[in-house]
Amino acid sequence: MTKIGIISHGCAKNLIDSELIFGLLADKGYEVSLDDNSADIVIINTCSFICDAERESIKSILEQVEYGKKIIVTGCLSQKHSGELKTAIPEISGVVGTTDFIKLPQIIENITNGKDYTEEVSQSPDYIYPETIKRQQITMGASSYIKIAEGCNYNCGYCIIPHLRGKYHSRCMENIITEAKELVQKGVTEIILIAQDTSYYGVDLYNKPSLAALLKELNKIEGLSWIRIMYTHPAMINDELLETIAELDKVVKYIDIPLQHSHPDMLKRMNRPVMDYRELVNRMRKKIPDVAIRTAFITGYPGETEEEFEHLYNFIKDVKFDRLGVFMYSREKGTPSYSIKPQIGARIKRERQKQLMQLQQEISLERNKSFIGKIIPCIIEGFSDNGYVIARTQYDAPEVDGVVNIKTQEPVIPGDIENIKITGAEVYDLSGIIV
């Protein structure tokens, strides 16, 4: 039997697609592995959100070419450059679009039968979650992601995702709950809900935002400790959702809400909601008194003036977000901002990013020091090479936020929630002891 290797790039949403591919091929009888060295055919699930992600995906393809592997490229890079990839890298054996991975078994059969090349890329992608495929997790631990929707109905000036994934499609609530229960039975204690915009969930299926209703159902699952929400949109944050997050004991008091900028003129140029973000943040903190807010901003979007940048700097300084990321604008073909002038130079973008991150590091250290002496429930993630137990507070999402380093001789189990007394603080990470 042909051995299939899978290499996955990009975000957690892409990881779930890789896990669906894993399940699809395993169901067809293929031996599927993350070990590409022993594979006959390697599937590379790519990312194309920004230039750096594209470069990483292309590097991975070229490495497999050097190893002499048969290569199938799927994901966002395939969707974006479907007509160009085979020309640029002739050694590729197959190209599959974001919504076409269901056709992978046939493409693998074509390759094993000696066919030189197969391309399956829908010109108008329309991603509907394949509920009939049994997702096989690539990584197992205390936490697991659940994709509750795919696609996006917005048209943000910098973003290529609607062109690569199509319109927004929510998954049926019953299917999400079933998947969550199955994950809990496997030992998962934290469920992380993801989509291009989780707060839009249900509008297409139930004619109204239904994330709050979904949370209430998930909160009933026995054995589940934490529920985390990522990727919300400011336009969809309403009082019902905030009150639900505040009331439900298993929903962590953490909101991930990428705002992208603060100046109204910049927001208008970005095709983002022009609204008072200070009022929004204040409302979130009032409704959920102990909430941690993560956000993200873009520096160097076309036309960003010094005045607009200073507005953003002062906004961050005043609001003091708990967690914050800053990304330099990446000019992408097919996005509304590609042809906007003037484009901002790389040096200015980089300097502005540096200024904002330095500011945030000061804010983050101050916030982390406020935890010293407090006892905080933390989820055990694993163990470090230098003998520490690695844990996270409810205020930290895996992979993007900080951790708590615990020195202990007591036996602990990944996934368990332990009470930790915080004894030290750094810019991003904490240290503590089990009490």
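Data block above holds the structure.
All values derive from a computational prediction rather than experimental measurement.

S.K.: Would you mind showing me how to read the packing of helix α7 (residues 173–185) against helix α9 (residues 211–218) here?
M.R.: The description of two helices packed together rests on the angle between their axes and the distance between the axes. Two numbers describe how α7 lies on α9: the axes approach to 10 Å, and their chain directions differ by 35°. Along this stretch, α7 crosses α9, giving a crossing that reads as right-handed. Where α7 approaches α9, its residues Met173, Ile176, Ile177 and Ala180 are matched on the opposing element by Ala213, Leu214, Glu217 and Leu218.

S.K.: Is there a simple way to explain the sheet that holds strand β17 (residues 404–406) in this structure?
M.R.: In sheet architecture, strand pairing relies on hydrogen bonds along the backbone and comes in two forms, parallel and antiparallel. Here we have five strands rolled up into a closed barrel, ordered β15-β16-β17-β19-β18, and mixed in their pairing. Mean inter-strand twist for the sheet, computed between neighbouring axes without regard to direction, equals 50°. The sheet contact formed by strand β18 (residues 417–425) and strand β19 (residues 430–434) spans five bridges and is antiparallel. Looking at β19, one finds that Ala425 is bridged to Leu430.

S.K.: Explain the sheet that holds strand β7 (residues 143–147) here, please?
M.R.: Pairing is parallel across the open sheet formed by three strands, whose spatial order is β7-β10-β11. Of all strands in the sheet, those bounded by a partner on one side alone are β7 and β11 (226–229). Ignoring which end each strand starts from, the neighbouring axes of this sheet average 25° apart. Judged from the four bridges that link them, strand β10 (residues 190–194) and β11 form a sheet pairing that is parallel. Paired with Leu193 across the strands is Ile229, a residue of β11. Running at roughly 85° to β7, helix α1 (residues 12–27) makes contact with β7 and β10 of the sheet.

S.K.: Before we go on, may I ask you to explain the packing of aromatic side chains in this structure?
M.R.: We describe a pair of aromatic rings using the distance from one ring centre to the other and the angle between the two ring planes. Counted according to the given criterion, the structure contains 10 aromatic pairs. Ring-pair connections join several aromatic residues into one group, and the members of that group are Tyr154, Tyr168 and Tyr200. The cationic tip of Arg228 hangs over the ring face of Tyr254; the distance from NZ or CZ to the ring centre is 4.7 Å. For the cation-ring pair, Lys407 lies above Tyr388, with the distance from its terminal atom to the ring centre recorded as 4.7 Å.

S.K.: Got a minute to help me understand the pairing of β10 in this structure?
M.R.: Every regular strand shows the same layout, with side chains that alternate between the two sheet faces. Of all five residues in β10, five are buried, a share of seventy percent or more. Alternating residues of β10 divide into Glu190, Ile192 and Ile194 and Ile191 and Leu193, and every residue in both groups is buried. As paired elements, β7 and β10 share five bridges and run parallel to each other. The partner of Lys147 across the bridge, within β10, is Ile194.

S.K.: Explain empty space enclosed by the protein here, please?
M.R.: Unoccupied space between atoms shows up once a probe the size of one water molecule is rolled over them. Overall, the coordinates contain two cavities of 30 Å³ or more when judged by the stated rule. Taken as a whole, the largest cavity encloses approximately 60 Å³ of empty space. Residue lining of the largest cavity: Ser199, Pro209, Ser210, Leu211, Ala212, Met236, Asn238, Glu240 and Leu241, and that is the complete set. Among the secondary structure elements, those contributing two or more residues to the lining of the largest cavity are α9 and α10 (239–247). Taken together, the residues that form the lining of the largest cavity break down as five nonpolar, three polar and one charged.

S.K.: It is not clear to me how the nonpolar core should be interpreted in this structure. Could you clarify?
M.R.: When a protein is soluble and globular, its nonpolar side chains tend to lie buried together. Membership of the largest hydrophobic core comes to 56 residues, with the highest contact counts inside it found for Ile148, Leu193, Leu214, Leu215, Met284 and Phe321. For this core, the element with the most residues is α7, which contributes six residues. Other than its neighbours up to four places away in sequence, Leu214 contacts Ile148, Met173, Ile176, Ile177, Leu193 and Tyr201. By size, the runner-up hydrophobic cluster in this structure holds 48 residues, among which are Ile72, Ile107, Ile422 and Ile434.

Rules used throughout
- Residues numbered from 1 in each chain as written.
- Predicted model: local features only at pLDDT ≥ 70, side-chain atom pairs only at ≥ 80, totals over all residues.
- Heavy atoms only, no water.
- Axes fitted to C-alpha atoms, helices over the stretch in contact; angles between N-to-C directions.
- Helix = DSSP H or I, 4+ residues; strand = E, 2+ residues; numbered from the N terminus.
- Left-handed = near helix turned anticlockwise from the far one by under 90°.
- Contact = heavy atoms within 4.5 Å.
- Pairing = 2+ DSSP bridges.
- Phe/Tyr/Trp six-rings, centres within 6.5 Å; stacked < 30°, edge-to-face > 60°.
- Lys NZ or Arg CZ within 6 Å of the ring centre and 35° of its normal.
- Buried < 20%, exposed > 50% of the residue type's maximum accessible area, 1.4 Å probe, protein only.
- 1 Å grid on protein atoms, 1.4 Å probe; cavity = no way out; pocket = protein on both sides within 12 Å on 5 of 7 lines; lining within 4 Å.
- Points joined across faces, edges and corners; volume = space filled by probe spheres on them.
- Nonpolar A, V, L, I, M, F, W, Y, C, P; charged D, E, K, R; others polar.
- Core = buried A, V, L, I, M, F, W, Y, C linked by side-chain atoms within 4.5 Å.

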